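Fold and geometry: a report
Listed here are the chains, written in short residue letters.
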2 protein chains.
Amino acid sequence: MATISDVASMAGVSTATVSRALNGKSTVDPELAARVFAAAEELGYSPNGPARNLRRQEAAVLALIISDVENPFFTAIARGVEDVAQAVGYSVVLCNSDESGDKERRYIDVAIQERVAGVILSPTSTTTNTKRLTDRGMPVVAVDRPLPDDEHDMVLVDTRMAAKEAAAHLFAQGYEQVGCITGPAGVRTADDRLAGYRDAVRSAKKRSSARLVRRTEYKAAGAKAATVGLMSQDDPPDALLVANSSMVIGVLEALDELGKQVGRDVGVVAFDDVSWAKLVDPPLSVVAQPAYEIGTVAAQLLLARIADSDRAATTTTLSARLIERGSSSRA
Amino acid sequence: MATISDVASMAGVSTATVSRALNGKSTVDPELAARVFAAAEELGYSPNGPARNLRRQEAAVLALIISDVENPFFTAIARGVEDVAQAVGYSVVLCNSDESGDKERRYIDVAIQERVAGVILSPTSTTTNTKRLTDRGMPVVAVDRPLPDDEHDMVLVDTRMAAKEAAAHLFAQGYEQVGCITGPAGVRTADDRLAGYRDAVRSAKKRSSARLVRRTEYKAAGAKAATVGLMSQDDPPDALLVANSSMVIGVLEALDELGKQVGRDVGVVAFDDVSWAKLVDPPLSVVAQPAYEIGTVAAQLLLARIADSDRAATTTTLSARLIERGSSSRA
DNA sequence: AGCGTCTGAGAAAACGATTACTCAGAACAC
DNA sequence: GTGTTCTGAGTAATCGTTTTCTCAGACGCT
């Protein structure tokens, strides 16, 4: 592949001049510049990124490490990040940690090695991995889930409040025994949603009962099994708050197989307003999280931190919105 | 951030020895190696990727450029690619071209600049962009959609046959006037699915009619409008073949709003077996494409080509599978 | 002992860009 | 006409690795 020296000798100038011309730095004689551009075009010259980054000690690349590429919530975040980054000339590379602390670590190491300008991640495990980044002074923004030390910029959703509101809505609709299916213990969103659920139970003056709560992976299969377990006890729940959109697939499958009619027999509210929510019967009531906005805000925060590493860390908390549809109504 | 020289001086050896020790090359005195490892650990040393890549003239990174991150078909491909790549120590960076030839070109340029080892892409526009890659001898594998010249490795699905089979199935179920909603002209999968549909129309001895065909973006909104258009004519179709899963969302919404009952009034088969297909009422009949496998095969092909650039180009065509559910049955 | 052969570590040359220096010549002021 | 400033291009240093040389010393063989 053509190098800058090839261009230089073809244009009959020094490499310095080529570099200056191509980057529009300083002033270069228009006639020389024209020769340079012609030569670059002719040779199909494309600057060697690694060499440039090595010299410049910076790369206009952001890493985005998300915990599930197949979850629309995270892909929407990705879009938000990308749109902001593109606008200022940064590229985004997307990595899928797949809820595995191990893969997360591997991608963090790649990000460090490649010396990307900054990292946005939805942390799976706590601290240990991100410490590698902060130890080396790499700008980081956490999304969706907080990091323990508040040295970091974070973009979160007030998911506890949202869960409370969703559960309260179910009680208000006349459901008596609202259950909750949430993610693994230690995953902050899962814990928060459970806490919000409990807040609502308390506010409704109901007796809180571990019997009505299940925790599983944030996946359909686990949620399906959990639903079967919940529903097959004596005095089963008559409504469910489900902590994400993958899970609700398992939940709806299970209810269908158990012959329970959603809405009439069992009220359901799930997190994330997926594109197909209106298509199921009855339409699914959801907690819509501002995923795209999380992405845009996170990208802006990261860019700000890259520009000024001494900025005080900020935490932005966005709020979610309950969308009432048929699945949470007995009518 | 610590450099190799820092490690070298702390360990009291030369940088060459540090490099050799850390990379396990050649033989290094165990005692020296131990000092090196200790120093590297102590300093939190992480080799500078750009510098390494510059020297080595290669990076263990693959670029995957897909046309829609929010489409589960493509994210499943991504998983396949990633699993294969990870296993052999390559990282994958995912880029979203968003069906825009412009973004595609930008990401291709980034891939070239960063000198990634190879590129897997689902081409949006034809030739022009990929020529940039091949001109520079960059290994490329096309997925989902072919590239015109057969100099390339490709992994495709026999989507024409699958479309034919799906449409034939609708006829077999007793639908008389099967319509088709497909993607933009020029997008190969869209054209092939339409061609397969026409094959089936011909085989069923029906008169083919442009009246029953609509083309729009591969998005829900366009498909919704197309459906309304199709259904509001005199003698509207009584079944629809829908070319992807985003579109079918719009189609189902439209049918619902028009008061048409899916299955009984209008049969529907759509491409891609999305996770929620069984949840809609009636369950959605689909053409399941082997997306994950497309990804794994593509990654293997790419790795093979990276290892040996003189390999003959191969085209792998996988087949799709029709899954019959309630939406294509009058019962 | 003397002479290859080997081993293993350091010195130094890449890799391909950017950029701090340097310096010739023009422009300008006196 | 001389000295000063300015302009713009080339020279060379630099980024942090890897890797080719180079070479000292150990080893083995006759």
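Residues numbered from 1 in each chain as written. Chains lettered and ligands numbered in written order. Predicted model: local features only at pLDDT ≥ 70, side-chain atom pairs only at ≥ 80, totals over all residues. Heavy atoms only, no water.

Observations regarding the relation of the copies chain B and chain A
Both copies of the chain are related by one operation, a rotation about an axis with a shift along it. The condition that has to hold: Least squares is the method for superposing the copies, and the C-alpha atoms it fits come from residues with pLDDT of at least 70 in both. Residue contacts are counted whenever heavy atoms from the two residues lie within 4.5 Å of one another.
Of the transformation placing chain B onto chain A, the axial shift is 0.0 Å and the rotation is 180°, giving an RMSD of 0.1 Å. Both copies of the chain, as the preceding transformation shows, are related through a two-fold rotation axis. Mapped onto chain A, 100% of the interface residues of chain B are again interface residues, and the two copies thus contact each other with one and the same surface.

Quick notes on the interface of chain B and chain A
We count it as follows: Put simply, buried area is how much 1.4 Å-probe accessible surface two parts lose in total, over both of them, once they are put together. Each reported salt bridge corresponds to a side-chain nitrogen of Lys or Arg within 4 Å of a carboxyl oxygen of Asp or Glu. Within 3.5 Å is the distance limit for a polar contact, defined as a pair of N or O atoms, with the added protein rule that one can donate a hydrogen and the other accept it, and that residues adjacent in sequence qualify only through two side-chain atoms. A helix here means a DSSP run of H or I that spans at least four residues, while a strand means a run of E at least two residues long, and both kinds are numbered starting from the N terminus. Residues were grouped as follows: Ala, Val, Leu, Ile, Met, Phe, Trp, Tyr, Cys and Pro as nonpolar; Asp, Glu, Lys and Arg as charged; and all remaining residues, including Gly, as polar.
Chain B puts 47 residues into the contact, and the matching count from chain A is 47 residues. In total, chain B and chain A occlude about 4,500 Å² of area from one another, counting both sides; carbon and sulfur atoms represent 51% of this. Taken together, the links from chain B to chain A amount to eight salt bridges. One salt bridge connects E70 of chain B with R79 of chain A, and the closest N-O pair in it is separated by 2.6 Å. Between the two partners, chain B and chain A, sit 22 residue pairs in polar contact (both at pLDDT 80 or more). Counting residues per element, the ones that place at least two in the side of chain B that touches chain A are α4 (49-56), α5 (72-87), β2 (91-96), α6 (101-113) and α11 (245-257) of chain B. If you tally residues by element for the side of chain B that touches chain A, the top one is α5 of chain B, at seven residues. Looking at the side of chain B that touches chain A residue by residue, the class counts come to 21 nonpolar, eleven polar and 15 charged.

A few points about the packing of aromatic side chains
Residues and elements named next belong to chain A. So the rule is basically this: Any two of the Phe, Tyr and Trp rings considered here, Trp counted by its six-membered ring, make a pair once their centres fall within 6.5 Å; the pair's planes then place it as stacked at under 30 degrees, edge-to-face at over 60, or tilted in between. With a 1.4 Å probe rolled over the protein chains alone, any residue whose accessible area is under 20% of its type maximum counts as buried; one over 50% counts as exposed, and the rest are partly exposed. Here, over-ring charges are defined by two tests on the NZ atom of lysine or the CZ atom of arginine: distance to the ring centre within 6 Å, and angle to the ring normal within 35 degrees.
Per the counting criterion, the structure on display carries three aromatic pairs over all chains. Arranged with centres 5.1 Å apart and planes meeting at 65°, the rings of F73 and F74 form a pair that is edge-to-face. Exposure class is identical for F73 and F74. Each is buried. It is R193 that lies over the ring of F271; its NZ or CZ is 4.1 Å from the centre.

With respect to the protein's contact with DNA strand C
Going by this rule: Nearness of a residue to a molecule or strand requires only that one of the residue's heavy atoms be within 4 Å of it.
Close to DNA strand C lie 26 residues; I4, S19 and R55 of chain A together with T17 and T27 of chain B are nearest. Each atom of DNA strand C within 4 Å of the protein was assigned to sugar, phosphate or base; sugar and phosphate come to 65%. Between DNA strand C and Y45 of chain A there is a distance of 2.8 Å, counted from a phosphate oxygen to a side-chain nitrogen or oxygen. In the environment of DNA strand C, a base nitrogen lies 2.9 Å from a nitrogen or oxygen atom belonging to the side chain of R20 of chain B. For the surface near DNA strand C, the element with the highest residue contribution is helix α4 (residues 49-56) of chain A, accounting for five residues. Residue composition of the surface near DNA strand C, grouped by class: eleven nonpolar, eight polar and seven charged.

Observations regarding helix α10 (residues 220-231) of chain B
Residue and element names in this part refer to chain B. Under the convention used in this document: By this rule the span expected of a helix is its residue count minus one, scaled by 1.5 Å. The directions from the helix axis to the C-beta atoms form the arc being described.
Here α10 contains twelve residues, and its C-alpha end-to-end distance of 16 Å stays within 8% of the 16 Å for a straight helix at 1.5 Å per residue. Taken as a whole, α10 has its buried residues at A223, A226, T227, L230 and M231. Within α10, the buried residues cover an arc of 120° as seen down the axis, which keeps them to one side. Residues of α10 that are exposed and angled more than 90 degrees away from the buried face: A221 and A225. Close packing links the buried residues of α10 with β6 (178-182), β7 (213-215), β8 (239-242) and α11.

Quick word on the pattern of salt bridges
With the rule as written, the count across this model stands at 52 salt bridges over all chains. For R188 of chain A, the salt bridge identified is with D192 of chain A, shortest N-O distance 3.1 Å. Here the residue R188 of chain A and the residue D192 of chain A both occupy positions in helix α9 (residues 188-203), the gap between them amounting to four residues, near one helical turn. For D192 of chain A, a relative accessible area of 19% translates into the label buried. When salt bridges with common partners are traced through the structure, they connect D68, E70, D98 and K103 of chain A together with R79 and D83 of chain B into a single cluster.

Regarding the domain arrangement of chain A
Threshold: Delimitation of the domains relies on an automatic or database domain assignment.
Considered domain by domain, chain A is made up of domain 1 (4-47), domain 2 (56-157 + 291-319) and domain 3 (159-288 + 322-328). One C-alpha centre belongs to domain 1 of chain A, the other to domain 3 of chain A, and the line joining them spans 63 Å.

Quick word on the protein's contact with DNA strand D
What surrounds DNA strand D is a group of 25 residues, the closest being T17, T27 and D29 of chain A together with I4 and S19 of chain B. Within the backbone of N48 of chain B, an N or O atom sits 3.3 Å from a phosphate oxygen of DNA strand D. Taking R52 of chain B, its side chain carries an N or O atom lying 2.8 Å from a phosphate oxygen of DNA strand D. Every element with two or more residues in the surface near DNA strand D is listed here: α2 (15-23) and α4 of chain A together with α2 (15-23) and α4 of chain B.

A closer look at the packing of α2 of chain A against helix α3 (residues 30-43) of chain A
Packed helix pairs are characterised by how far apart their axes lie and by the angle those axes make with each other. Residues and elements named next belong to chain A. To keep things clear, this is the line we draw: Axis definition: a line fitted to C-alpha atoms, limited for helices to the stretch in contact. Angles are taken between N-to-C directions and run from 0 to 180 degrees. Angular relationships are summarised with four words: roughly parallel below 35 degrees, roughly antiparallel beyond 145, roughly perpendicular across 65 to 115, and oblique for the angles in between.
Packing of α2 against α3 brings their axes to within 9 Å, and their N-to-C directions diverge by 90°. Between α2 and α3, the crossing angle belongs to the class labelled roughly perpendicular. Of α3, the residues touching α2 (which contributes T17, V18, A21 and L22) are L32, A33, V36 and F37. Classifying every residue of the contact of α2 with α3 gives seven nonpolar, one polar and no charged.

A look at the nonpolar core
Defined as follows: We call a set of buried residues a nonpolar core when its members are Ala, Val, Leu, Ile, Met, Phe, Trp, Tyr or Cys and they connect through side-chain atoms within 4.5 Å of each other.
Counting residues in each nonpolar core, the largest one holds 104 residues, and the members touching the most others are I120, V155 and Y197 of chain A together with V155 and Y197 of chain B. In contact with I120 of chain A, other than residues within four places in its own chain, are A63, L64, I65, V81, V141, V143, A298, A299 and L302 of chain A. Counting residues in hydrophobic clusters, the runner-up holds 60 residues, among them V266 of chain A together with I249, L255 and A270 of chain B.

Description of the state of the cysteines
Test applied: When two cysteine sulfur atoms lie within 2.5 Å, the pair is treated as a disulfide.
In this structure the tally under the stated criterion is zero disulfides over all chains. No disulfide involves C95 of chain B; its nearest neighbouring cysteine sulfur is the one of C95 of chain A, lying 10 Å away.

Brief notes about the sheet that holds strand β9 (residues 267-271) of chain B
All names here are of chain B. Put simply, the rule is: Paired strands are those between which DSSP finds at least two bridges.
If you walk across this open sheet you meet the six strands as β7-β6-β8-β9-β10-β12, and the pairing is mixed. The open sheet has two edge strands with one neighbour each: β7 and β12 (321-323). Each strand axis lies, on average, 15° off the axis of its neighbour in the sheet, ignoring direction. Alignment of β8 against β9, held across four bridges, turns out to be parallel. Residue pairing across strands places L241 opposite V269, the latter belonging to β9.

A closer look at the environment of G118 of chain B
Residue and element names in this part refer to chain B. As for its position among the elements, G118 is in strand β3 (residues 118-121). For the pair G118 and T27, spaced 91 residues apart in the sequence, the C-alpha separation amounts to 32 Å. Discounting chain neighbours no more than four positions away, the residues touching G118 are V61, L62, A63, M138, P139, L302 and I306.

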